[in-house]
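# An overview of the molecular structure
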Amino acid sequence: MDAWLIWLIIAVVLLVVEMLTITAAVGMLGVAAVITAGFAALGLPVPVQLLAFTVTATIGVLLIRPIVRRHMLRPQLERFGVEALIGKPAYVVSEVSGLDGRVRIGGIRGEEWTARAYDQTLVIPAGATVDVLEISGTTALVYPRE
């Protein structure tokens, strides 16, 4: 079997492993194996192929991988689901205490949620505007606006 074909098989295996692990390190090794397959196809001897693999893998892992990881690990810019409700204003539909109550989150046509006062000593009257501080299960923990 030709050396370039062996390097290509190694590259495919490494790239498949990268798709399963998403570490960016194994992918850099796969790219290095593809480049080395090119050197092997040119007919360069095995020691030169190993040197090419070592150099390209080192460059990939030490220089390119940190850049790729930085782009992969960017913080999520938008919140979704119940996380998006935290910090929103809500209208108290029925009196909210430390035990129970109801609020409407999202304006007049918003959703009604069961609610509890974040500070359990507070009683918030109906008609007040509150801020949603936390969502616990299906209950919004709220605090009155000042």
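Source: prediction; values computed, not measured. (Residues numbered from 1 in each chain as written. Predicted model: local features only at pLDDT ≥ 70, side-chain atom pairs only at ≥ 80, totals over all residues. Heavy atoms only, no water.)

### As for the overall build of the protein
What the protein contains, in helices and strands, is 3 helices and 5 strands. Listed by position from the N terminus, the elements making up the protein come as α-α-α-β-β-β-β-β. The C-alpha radius of gyration of the protein comes to 29 Å, more than 25% above the 15 Å expected for a compact globule of 146 residues. Considering only C-alpha atoms, the protein reaches an extent of 85 × 25 × 25 Å along its principal axes. The buried share of the protein, reckoned over its 146 residues, is 28%. Taking contacts inside the protein between residues at least 6 apart in sequence as the whole, the part at least 24 apart equals 48%. Accessible surface, the protein: about 9500 Å² in total, of which carbon and sulfur atoms supply 66%. Charge-centre separation for the protein: the mean point of 11 positive side chains lies 6 Å from the mean point of 12 negative side chains. (Helix = DSSP H or I, 4+ residues; strand = E, 2+ residues; numbered from the N terminus. Rg over C-alpha atoms; globule rule 2.2 N^0.38 Å. Buried < 20%, exposed > 50% of the residue type's maximum accessible area, 1.4 Å probe, protein only. Contact = heavy atoms within 4.5 Å. Areas by Shrake-Rupley, 256 points an atom, 1.4 Å probe, with all protein chains shown as cover. Lys, Arg positive; Asp, Glu negative; His and termini not counted. Charge placed at Lys NZ, Arg CZ, Asp CG, Glu CD.)

### Overview of the pattern of salt bridges
Under the criterion given, the structure shown has 3 salt bridges. In this structure, the salt-bridge partner of E112 is R102, at a minimum N-O distance of 3.1 Å. Residue E112 is found in strand β3 (residues 111–117), and its partner R102 is found in strand β2 (residues 102–105); the two are separated by 10 residues along the sequence. Here the salt bridges do not stand alone but share partners, grouping R102, R104 and E112 into one network. (Salt bridge = Lys/Arg side-chain N within 4 Å of Asp/Glu carboxyl O.)

### Observations concerning the UniProt feature "transmembrane region" (unreviewed entry) in the protein
UniProt tags residues 7–40 and 46–64 as "transmembrane region" (unreviewed entry). Helix makes up 91% of residues 7–40 and strand 0%, and the two end C-alpha atoms of the span are 8 Å apart. With 100% helix and 0% strand, residues 46–64 has end C-alpha atoms that lie 25 Å from one another. (UniProt positions renumbered as here; feature names shortened; annotations may be inferred.)

### Brief notes about the packing of helix α2 (residues 25–41) against helix α3 (residues 46–72)
As a packed pair, α2 and α3 sit with axes 8 Å apart at the nearest point and diverge in direction by 145°. Regarding α2 and α3, the two cross each other, and that crossing is right-handed. Residue-level inspection shows A25, M28, L29, A32, A33, I35, T36, F39 and A40 of α2 in contact with α3, the latter providing Q49, A52, F53, T56, A57, G60, V61, I64, R65 and V68. When its residues are assigned to classes, the contact of α2 with α3 shows 14 nonpolar, 4 polar and 1 charged. (Axes fitted to C-alpha atoms, helices over the stretch in contact; angles between N-to-C directions. Left-handed = near helix turned anticlockwise from the far one by under 90°. Nonpolar A, V, L, I, M, F, W, Y, C, P; charged D, E, K, R; others polar.)

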